[in-house]
Structures are given as C-alpha cells and as structure tokens.
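# Observations on the model geometry
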Amino acid sequence: MTYWTSKKHKHFKNIWKVGSAVVLLTGFGGWGIVAFVRELLPKLEKPEPWKLGLVLVSLTMLIWFVRVLMKVVLSQVHLFTDAEEREVLATTYLSLLRSNEALKDEDRTLILQILFR
C-alpha cells in the first residue's frame, strides 16, 4: 500500500511541476511573441514576408511546446488517478483480509487481478 501512496505523491508533484512549466511557458512565450510582433511589424508599413514567417514559426513552436507539455500533464493526472484507485483497492483488500468471513476465494482472485493488472 505504501507503494501506491508514494506513486500517487510522485505523480501529484509531477503534475505541479509540469503544470507550472506550462503556465510559465505560455505566459512568457506569449509575452515574447507579442513583443516580437511589435518590434518586427510596425503598424504603418507593409510587413516583409520573412518577418511574417518568423512570427508564424515562433508562434507554431510555442503552441507545439505547450501542447506537448499538456499531454505530459494529462498523462500524470491519469497516473495519479490510477495510483489513487489502487491505493483504495489495496486498503479495502487488507481490511477484508482482517475479517476472514468477508472474503471468499473468488473475491480474492478478482481483487488481486484488478490490483496487479
């Protein structure tokens, strides 16, 4: 049971770490691109194509990095939920083991199959 508890805490920490990176990257990256656009694309002249391309490549890379990090966050959320469910299942199994009458052999095999899938 301590295994699943430690896994749950590890995934929770990873959610906060990567989630913070997503927020910081989105904030600073967006701010940087806005500053980049203001610097390269003055409002009164027709922008050159290479400047537009540079802005589009920067924006595409920012969106791509944020997308990849969000996939990692969602993966950690799923792993956290799985570890939490297994922790509850292990606790339930151990409490059922303490009362010998409550747990039958069919129930034991079913719980162990779910717990160690």
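In the block above lies the structure referred to throughout.
Residues numbered from 1 in each chain as written. Predicted model: local features only at pLDDT ≥ 70, side-chain atom pairs only at ≥ 80, totals over all residues. Heavy atoms only, no water.

### A short note on the environment of Leu62
- Structurally, Leu62 can be placed in helix α2 (residues 49–98).
- The spatial distance from the C-alpha of Leu62 to the C-alpha of Gly29 is 6.5 Å, given a sequence separation of 33 residues.
- Discounting residues that sit within four places of it in the chain, Leu62 has contacts with Leu25, Gly29, Gly30 and Ile33. (Helix = DSSP H or I, 4+ residues; strand = E, 2+ residues; numbered from the N terminus. Contact = heavy atoms within 4.5 Å.)

### As for the packing of aromatic side chains
- Taken as a whole, this structure holds four aromatic pairs when the rule is applied.
- Between Tyr3 and Trp4 the ring centres are 4.9 Å apart and the planes differ by 75 degrees, which places this aromatic pair in the edge-to-face class.
- Residue classification places Trp4 among the buried positions, given a relative accessible area of 15%.
- On the numbers, 5.7 Å between centres and 40 degrees between planes, the contact of Phe12 with Phe80 is tilted. One end of the pair, Phe12, is in helix α1 (residues 2–40); the other, Phe80, is in helix α2, and 68 residues separate them in sequence.
- By relative accessible area, which is 41% here, Phe12 ends up partly exposed. (Phe/Tyr/Trp six-rings, centres within 6.5 Å; stacked < 30°, edge-to-face > 60°. Buried < 20%, exposed > 50% of the residue type's maximum accessible area, 1.4 Å probe, protein only.)

### Description of the pattern of salt bridges
- The tally for this structure, following the rule as stated, stands at two salt bridges.
- When the shortest N-O distance is used, the salt bridge between Lys8 and Glu87 registers 3.0 Å. Of the two residues, Lys8 is situated in helix α1 and Glu87 in helix α2; the sequence distance between them amounts to 79 residues. Residues Lys8 and Glu87 agree in their burial class; the two are buried.
- Of the charged contacts, one joins Arg86 and Asp82 as a salt bridge, the two residues approaching to 3.0 Å between their closest N and O atoms. In this pair, Arg86 and Asp82 are both assigned in helix α2, four residues apart and thus about one turn of the helix distant.
- Residue classification places Asp82 among the buried residues on the basis of a relative accessible area of 19%. (Salt bridge = Lys/Arg side-chain N within 4 Å of Asp/Glu carboxyl O.)

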